[in-house]
Amino acid sequence: MSRLDKFLAGLRFRSSTPSFEVGDEVPAFVTGRTDDGLLVRVGDTVLELPGADPSLLDAKVRIEVESFDESTFRGTARVVDVLENEG
């Protein structure tokens, strides 16, 4: 292994469009609202929270991914837990 390989070992780049698997639980901030519920954005990835409590806008929540389309980086999730809510 060269010095460069040793230096770069374990180095990973973050994506602006992270992917999720159904069942993944992740902490996230609720960043927007739609007619059907709320939105979570992780980079350019958007997860909808249909039927979520509108008072959670701007809250930090733990969500569980229910569906995800890798071609559009969009999906749906449900709120599992409220981690921080200033509202």
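Here the residue numbers are simple positions, counted from 1 along each chain's written sequence. The predicted nature of this model means local features are confined to residues of pLDDT at least 70 and side-chain atom pairs, given and counted, to a pLDDT of 80 or more, with totals for whole chains, interfaces and linings taken over all residues. Side-chain measures were taken over the full set of non-hydrogen atoms in the model, leaving aside hydrogen atoms and water.

Under the annotation held in an unreviewed UniProt entry, the chain carries the name DUF7513 domain-containing protein and is attributed to Halobellus litoreus.

Enquirer: Any details on the overall build of the chain? Residues and values, ideally.
Expert: Going along the chain from the N terminus, every DSSP run of H or I of four or more residues is numbered as a helix, and every run of E of two or more is numbered as a strand. Broken down by element type, the chain carries one helix and five strands. Element order for the chain, N to C, with α for helix and β for strand: α-β-β-β-β-β. Looking at the 87 residues of the chain, the share that counts as buried comes to 25%. By definition, residues are in contact when any of their heavy atoms lie within 4.5 Å. Contacts in the chain between residues at least 24 apart in sequence constitute 51% of all its contacts with a sequence separation of at least 6. The rule is simple: take the accessible area with a 1.4 Å probe, protein chains only, and divide by the maximum for that residue type; under 20% is buried, over 50% is exposed, in between is partly exposed.

Enquirer: Got a sec to walk through unusual backbone geometry? Specific residues and values, please.
Expert: Working note: non-glycine residues mostly have negative phi, and peptide bonds are mostly trans. Phi is positive for Asp58, close to 75°, though the residue is something other than glycine. Turning to its location among the elements, Asp58 is positioned in the loop between strand E3 (45-50) and strand E4 (60-69). A relative accessible area of 58% places Asp58 in the exposed class. For Phe73, which is not a glycine, the phi torsion comes out positive at approximately 55°. In this structure, Phe73 sits in the loop between E4 and strand E5 (74-84).

Enquirer: Talk me through the sheet that holds strand E2 (residues 37-42); I want residue IDs and the actual numbers.
Expert: In spatial order, the strands read E1-E2-E3-E5-E4; together these five strands close into a barrel with mixed pairing. Strand-to-strand twist across the sheet, computed as the mean angle between neighbouring axes with direction ignored, equals 50°. At least two DSSP bridges between two strands are required for those strands to pair. Fitting a line to C-alpha atoms yields each axis, with helices limited to the stretch in contact; the angle taken between N-to-C directions then spans 0 to 180 degrees.

Enquirer: Run through the packing of aromatic side chains, naming residues and quoting values.
Expert: Aromatic ring pairs are reported here in terms of the distance separating the ring centres and the angle at which the planes meet. Classification of ring pairs rests on two measures: the distance between centres of Phe, Tyr or Trp rings, Trp counted by its six-membered ring, which must be within 6.5 Å, and the angle between planes, read as stacked under 30 degrees, edge-to-face over 60 and tilted in between. All told, the structure shown has two aromatic pairs when counted by the stated rule. Ring centres 5.8 Å apart and planes at 85° place the aromatic pair Phe20 and Phe68 in the edge-to-face group. On the criterion of sequence distance, the pair formed by Phe20 in the loop between helix H1 (3-8) and strand E1 (25-33) and Phe68 in strand E4 is long-range, its members being 48 residues apart. According to the relative accessible area criterion, Phe68 is buried, its value standing at 17%. Both rings, one in Phe68 and one in Phe73, keep their centres 6.5 Å apart while their planes meet at 65°; by these two values the pair is edge-to-face. On the basis of relative accessible area, Phe73 is assigned to the partly exposed category, the value being 23%.

Enquirer: Please give an account of the environment of Arg78 that cites residues and values.
Expert: Within the secondary structure, Arg78 sits in strand E5. By relative accessible area, which is 38% here, Arg78 ends up partly exposed. Apart from residues lying up to four places away in sequence, Arg78 is in contact with Leu49, Arg62, Ile63, Glu64 and Glu66. Residues adjacent in sequence count toward polar contacts only when both atoms are side-chain atoms; beyond that, a polar contact is any pair of N or O atoms within 3.5 Å, and within protein one must be able to donate a hydrogen and the other to accept it. Separated by 2.8 Å, the side chains of Arg78 and Glu64 make a polar contact.

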